[in-house]
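Architecture and fold: a report
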Amino acid sequence: MHILSEYDYAKVVWFSDGYRLDGNQWNNPKDWIASWFSGYDSSTISKMAIICWFLWKDRCSMVFENKTQTPKQSTHSIDKFLHNAVSVSKKNNDPAKSLAVPKWQPPYNDFIKLNIDASYCDRTNTCGYGLIFLNCAGTHVTSKCSSFIGELDAHYLESLAVLEGVQWGLQLGLKKIIIESDYKSLIQAIRREEYDIP
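Just so you know, these numbers come straight off a predicted model, no measurement behind them.

Reading the values: rules and limits
- Residues numbered from 1 in each chain as written.
- Predicted model: local features only at pLDDT ≥ 70, side-chain atom pairs only at ≥ 80, totals over all residues.
- Heavy atoms only, no water.
- Salt bridge = Lys/Arg side-chain N within 4 Å of Asp/Glu carboxyl O.
- Helix = DSSP H or I, 4+ residues; strand = E, 2+ residues; numbered from the N terminus.
- pLDDT = per-residue confidence, 0-100.
- Phe/Tyr/Trp six-rings, centres within 6.5 Å; stacked < 30°, edge-to-face > 60°.
- Lys NZ or Arg CZ within 6 Å of the ring centre and 35° of its normal.
- Pairing = 2+ DSSP bridges.
- Axes fitted to C-alpha atoms, helices over the stretch in contact; angles between N-to-C directions.
- Contact = heavy atoms within 4.5 Å.

Turning our eyes to something else, we now look at the pattern of salt bridges. Counting across every chain of the model gives three salt bridges. Taking the shortest distance from any N to any O, the salt bridge between Lys113 and Glu180 comes out at 3.0 Å. Of this pair, Lys113 sits in strand S1 (residues 112-121) while Glu180 sits in strand S4 (residues 177-180), and the two are 67 residues apart along the sequence. Close ionic contact of Lys144 with Glu164 constitutes a salt bridge, the shortest N to O distance being 3.2 Å. Taken together, the residues Lys144 in strand S3 (residues 140-149) and Glu164 in helix H6 (residues 154-171) connect sequence positions 20 residues apart.

Shown next, in the form of structure tokens:
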């Protein structure tokens with residue numbers, strides 16, 4: 001309790017953020033924190049938890065790294081953190097800016113869906129793609145992957161994946177294939193829509 005609410009540094013930080021605390025009435029941090037849930041709203045509880053975390057972090061920095069901060073510096077860090085957290089929360093709650101992850105849709109009864117994806121790893125200087133055929137129940141029919149050393153153009157790699165997938169599907173006797181890829185330009189080209197592939 002001493003680190004979080006009773007010593008002078010902590011009291012100044014709490015007071016600077018608008019709180020007057022009487023930590024002496026609590027025997028341990030667990031009971032003190034539990035009391036928040038009957039007296040404060042969720043926003044206030046979140047802020048109080050963040051203040052505790054910064055007080056603990058500042059204490060550890062002083063003990064283990066010999067770094068000291070003034071209560072004013074700590075209060076500034078807390079306010080900055082809270083401001084950034086609110087900004088991120090507002091952005092994430094904006095429907096226009098949120099990114100919905102599309103749910104996989106099964107093909108029609110007599111179709112097979114070919115899902116493809118390609119990637120490049122600069123750490124190993126390798127690239128490759130994966131192919132997977134799924135039926136209308138979402139059951140795995142067959143799959144394979146190919147890899148190459150060196151960097152291949154993304155347009156070329158995705159196109160190669162589709163070509164190999166279709167040829168392989170025909171070899172397996174699959175006649176009705178739906179191709180699914182996250183490479184929009186390639187899908188538009190296959191559909192003979194407007195596209196931009198070099």
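Now that the structure has been shown, we can carry on.
What follows covers the confidence of the model for the chain. When pLDDT is averaged along the chain, the result is 76, and 77% of the positions lie at 70 or above. The secondary-structure element of the chain with the lowest mean pLDDT is helix H1 (residues 2-6), recorded at 58, while strand S2 (residues 126-134) shows the highest, at 89.

Moving on: the packing of aromatic side chains. If you walk through the whole model with that rule in mind, you get six aromatic pairs. When the centroid spacing of 5.7 Å and the interplanar angle of 70 degrees are considered together, the rings of Phe54 and Phe81 count as edge-to-face. Taken as a pair, Phe54 in helix H4 (residues 42-65) and Phe81 in helix H5 (residues 71-92) lie far apart in primary sequence, 27 residues in all. An aromatic cluster is defined as three or more aromatic residues linked by ring pairs; in this entry it consists of Trp53, Phe54 and Phe81. If you follow Lys57 out to its NZ or CZ, it ends over the ring of Trp53, 5.7 Å from the centre. One cation-aromatic arrangement involves Lys144 over Trp168; the distance from NZ or CZ to the ring centre is 4.7 Å.

Each strand in a sheet pairs with its neighbour through backbone hydrogen bonds, running either in the same direction (parallel) or in the opposite one (antiparallel). Taken in spatial order, the four strands of this open sheet run S3-S2-S1-S4, and their pairing is mixed. Strands with a single pairing partner mark the edges of an open sheet, and in this sheet they are S3 and S4. Shown here is a sheet whose adjacent strand axes are inclined to one another by a mean of 20 degrees, direction ignored. With four bridges joining them, S1 and S4 adopt parallel strand pairing. Of the residues in S4, the one forming a bridge with Ile112 is Ile177. Most of the contacts of H6 go to S2, to which it runs at about 35 degrees, and overall it touches S1, S2, S3 and S4.

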